Each structure stands twice: as structure tokens, then as C-alpha cells.
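Below are the chains, spelled out letter by letter.
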Amino acid sequence: MTRTTNGTTARNLPPAAFAPVMATGIVSQGLAAAGAPRLSGALLAMAVALYAGLLAGLVWRVARHPREVAADLRDTKRVFGFFTFVAGSDVLAARLAPAPWRAAAAALTLVAVPACAVLLGCVARVVRRIGADGALRRAEGTWFLCVVGVQSAVLAVTGPAPGRGLPGTAIAWAAGLLLYAAVATLVARRLPRFGIPPRELSPPYWISMGACAISLLAGARLAHPGLDAALGPAPTRDVLLTLWVWATCLLPPLLAAGAWRHLRHRIPPAYEPTWWTIVFPTGMYAMSTTALGKAEALHPLVLLGHLGAWVALGVWSLSVAGLVHRHIPGGTHVP
């Protein structure tokens, strides 16, 4: 690949480019919890290699095309995609936190947490500019990525040992829940008021479930009996169970929406990059279910979480197959 091609690719790097990293990373975590260390390690290696390449492209784009990046940060359709960088970094940090990769995990966290704060500021400015009516008209599935970014930062800060973290971590977790409620309210009000065409009912709406699941996982870490009181009030068992029930209740309508889109309206299920926004919620649901089951000594939930990890691997494999088919000769690649 020539330098020109590399530069063009980096310049056109979409804000949500790190979605495969966060998806692959969480599936790796789920497989590790399910007792498949070799397969988990293989996916981790893929996630790290992909992250390194995308990070280089992102740094090049920010350095060479700052105006285009700034324009993305002001665009309601693109700014939320940058949270995939935060979540991808944090998911890898959580996966690499055990020895001997603690230094790498700490470096990823030190990059991702400030980036999350900056992006939240950008989102606040965008929402303030478009106003309440504009937010109601434009709210959609990708908006939940800001919640994923916040809760992934909580996970990265707490590290591999539940009950560890910085003062105020539980407060950040609670703020993430309030943010989830705000986004969910906007989306729920938009759907009946403005409707949504079948083609726009795309995979990113699965992030609504993934944001809930990662909130559950972060809360389960904070609610561990070893929690340091300096972190703030720990999430209660009832809150965690409520989050799990809500995430589970979201699965049927999300599956039904996919059937309505592809079967009723005959929209071909061709590969698109947003498929990764199905992989991540599926893997996060599996991981959070396992964590809740272990924290509350509910063995059926642990088994369900382990089964979910293998389902997530299947969804990940379909996404990889679709990606490969799109780019092989005779595939459906669109420049």
C-alpha cells in the first residue's frame, strides 16, 4: 500500500472506526471468563493489533486534518462515534490489567479517561447548539455510545480487582446511569413522534442494550464487598438486578426490529460496519451476566453468561466473514 493510499485511508477514517476493537475486546473477555483462554488470547492479539493500526491513523488524521476532525466533533451524526475510541481503549485496558500487562493497561486508561471528558464536553456543546427540539429529532442509537464511554472508563479505572478505583468512581457510574436515562428518553420520544424508516432502524440501536449491560458490569465491580468507602455509595443488589432485567427485556424488541427490517421490508442483510454495534452489546451482555451471577452467587446466570460468550463469538465470526466478503474480489465492497 502506498503512502498516498495510507494517507487517504487515514483521512477518511470514520469516528466510529474503533467499534471492531471494542467488540473484539469484549468477546475476548467473555471467552476468558467462559474458560477458553487460548481463543480469548487470539482475539486479544487481534484487538491489540487493530487498535495499534487505527490509533496511528487517528493520530495522523488529527495532526494533518484538524479542521475535518473538528467538523466531526460538531456533527450530531459523527461526534458520538468517537466514543468507540474511548470504549476500545478501556476494554483493552480492562483485559490487559492483570500482570504482566498492567503498565499498558494504565497507559490506555490515562489516554481514554481524559478523551472521554473532552468528548462529553463536545457533545454538551452540540446538544446545546441544536436545542431540545433538535435533540429530539436527531436522537438515535449511536447516542448511547456516550454512556458506553463513561461506563467503560469506570471499568478501566476499577481494574481487574473489584472494589478498586479512584474516589468518585461510583459517582461517575451513577452519572452514566442518568445519561443513559436521558438518551433513552429522547429516543423513546422520537420514535412515536417522528417515526423511523426501515433503513434507518439500523444495528446501532443495539447499543441501547450494550450501554445498559456495561452499566451493569461496572456496577457489579463497584458493588463487590471489598469496595473502598472512598469511592462513594456502592450500587445495590436491586439496582444491578434491575439493569440486568432491562437489558434482557431489550433483546426481544431488538431482534423483532431486525426481522421487521429484513423480512417484512426485504432490506438485504448485507455487511455494513455497524454490524460491530451488535457484536459489542452481545458480548457485553454475556460478560455482565457472568459478573452478576458470580457477585450474587446465582449459578444459572453464570452459565447463561458463558453461553452468551459463545453466541457473541458466533456474531463476531459473522461480522468478520461479512467484512472479508465485502473486500474480496467479486464481493460487495463499495469504495
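Everything below is about the structure shown above.
Described in the following lines is the structure provided in the data block. As the structure is a computational prediction, the values presented were derived from the model and not from experiment. (Residues numbered from 1 in each chain as written. Predicted model: local features only at pLDDT ≥ 70, side-chain atom pairs only at ≥ 80, totals over all residues. Heavy atoms only, no water.)

### Here's the deal with the overall build of the chain
Part 1 of the reasoning: Tallying secondary structure elements over the chain gives 12 helices and zero strands in all.
Part 2 of the reasoning: When the helices and strands of the chain are read in sequence order from the N terminus, they spell out α-α-α-α-α-α-α-α-α-α-α-α.
Part 3 of the reasoning: Residue burial in the chain is summarised as follows: out of 335 residues, 48% are buried.
Part 4 of the reasoning: Put simply, 78% of the contacts in the chain that link residues at least 6 apart link residues at least 24 apart.
Part 5 of the reasoning: Summed over all atoms, the accessible surface of the chain reaches about 15900 Å², with 68% contributed by carbon and sulfur. (Helix = DSSP H or I, 4+ residues; strand = E, 2+ residues; numbered from the N terminus. Buried < 20%, exposed > 50% of the residue type's maximum accessible area, 1.4 Å probe, protein only. Contact = heavy atoms within 4.5 Å. Areas by Shrake-Rupley, 256 points an atom, 1.4 Å probe, with all protein chains shown as cover.)

### With respect to the pattern of salt bridges
Part 1 of the reasoning: Taken as a whole and assessed by the stated rule, the structure comprises five salt bridges.
Part 2 of the reasoning: In this structure, the salt-bridge partner of R78 is D72, at a minimum N-O distance of 2.7 Å.
Part 3 of the reasoning: One salt bridge connects E296 with R237, and the closest N-O pair in it is separated by 2.8 Å. Of this pair, E296 sits in the loop between α11 (276-295) and α12 (299-327) while R237 sits in helix α10 (residues 237-264), placing them 59 residues apart in sequence.
Part 4 of the reasoning: When its relative accessible area of 21% is taken as the criterion, E296 is described as partly exposed.
Part 5 of the reasoning: Its relative accessible area of 41% is what places R237 among the partly exposed residues.
Part 6 of the reasoning: One continuous salt-bridge network, built from bridges that share partners, spans R61, D72 and R78. (Salt bridge = Lys/Arg side-chain N within 4 Å of Asp/Glu carboxyl O.)

### Focus on the nonpolar core
Part 1 of the reasoning: Ranked by internal contacts, the top residues of the largest apolar core, which has 93 residues, are V27, F83, V148, M209 and F280.
Part 2 of the reasoning: Counting residues per element, this core draws most heavily on helix α9 (residues 207-222), at 11 residues.
Part 3 of the reasoning: What V148 contacts, discounting residues up to four positions off in sequence, is M22, A87, I207, A211, I214 and F280. (Core = buried A, V, L, I, M, F, W, Y, C linked by side-chain atoms within 4.5 Å.)

### So, helix α5 (residues 83-96)
Part 1 of the reasoning: Over its 14 residues, α5 extends 20 Å from the first C-alpha to the last, a length consistent with the 20 Å expected when each residue adds 1.5 Å.
Part 2 of the reasoning: Extensive coverage of α5 is indicated by the burial of 14 of its 14 residues. (Expected span 1.5 Å × (residues − 1).)

### With respect to the side chain of T289
Part 1 of the reasoning: Topologically, T289 is positioned in helix α11.
Part 2 of the reasoning: If we skip the residues at most four places from it in the chain, T289 touches W244, L301, L304 and G305.

### Things to note about the environment of L177
Part 1 of the reasoning: Structurally, the position occupied by L177 is in helix α8 (residues 169-194).
Part 2 of the reasoning: Considered as a pair, L177 and A211 are 34 residues apart in the sequence and their alpha carbons are 9.2 Å apart.
Part 3 of the reasoning: Sequence-distant contacts of L177, that is, excluding residues within four places in its chain, are made with Q151, S215, V239 and L243.

### Some details on the side chain of H65
Part 1 of the reasoning: Residue placement: H65 occurs in the loop between α3 (37-64) and α4 (66-73).
Part 2 of the reasoning: Excluding residues within four positions of it along the chain, H65 makes contact with R11 and W60.

### Some points on a nonpolar patch on the surface
Part 1 of the reasoning: The grouping of L304, L307 and V311 at the surface amounts to a nonpolar patch, some 250 Å² of accessible area in total.
Part 2 of the reasoning: Note that V311 resides in helix α12. (Patch = residues over 30% accessible without salt bridge, like charges linked within 9 Å, V, L, I, M, F, W, Y side chains within 5 Å.)

### Looking at the packing of aromatic side chains
Part 1 of the reasoning: Applying the stated rule across the entire model yields five aromatic pairs.
Part 2 of the reasoning: Measuring from centroid to centroid gives 4.8 Å for F80 and W143, while their planes differ by 20°, and the two rings are stacked. In this pair, F80 sits in the loop between α4 and α5 while W143 sits in the loop between α6 (102-138) and α7 (145-158), placing the two residues 63 residues apart along the sequence. Neither residue differs from the other here; F80 and W143 are each classed as buried.
Part 3 of the reasoning: Between F144 and Y180 the ring centres are 5.3 Å apart and the planes differ by 50°, which places this aromatic pair in the tilted class. Highlighted residues: F144 in the loop between α6 and α7 and Y180 in helix α8, separated in sequence by 36 residues. Here the two residues F144 and Y180 agree in accessibility, since each one is buried.
Part 4 of the reasoning: Ring pairing ties together the aromatic residues F18, Y51 and F85, which thus form one cluster. (Phe/Tyr/Trp six-rings, centres within 6.5 Å; stacked < 30°, edge-to-face > 60°.)

### Describing the packing of α3 against α5
Part 1 of the reasoning: Direction vectors running N to C along α3 and α5 enclose 140°, while the axes themselves pass 11 Å from each other. The orientation of α3 with respect to α5, classified from their angle, is oblique. Every pair of crossing elements has a handedness; the one defined by α3 and α5 is left-handed. Taking contact as the criterion, the partners of S40, G41, L44, A47, V48, Y51, L55 and L58 in α3 are, on α5, F85, G88, S89, L92, R95 and L96.
Part 2 of the reasoning: Looking at the contact of α3 with α5 residue by residue, the class counts come to nine nonpolar, four polar and one charged. (Axes fitted to C-alpha atoms, helices over the stretch in contact; angles between N-to-C directions. Parallel < 35°, antiparallel > 145°, perpendicular 65-115°, else oblique. Left-handed = near helix turned anticlockwise from the far one by under 90°. Nonpolar A, V, L, I, M, F, W, Y, C, P; charged D, E, K, R; others polar.)

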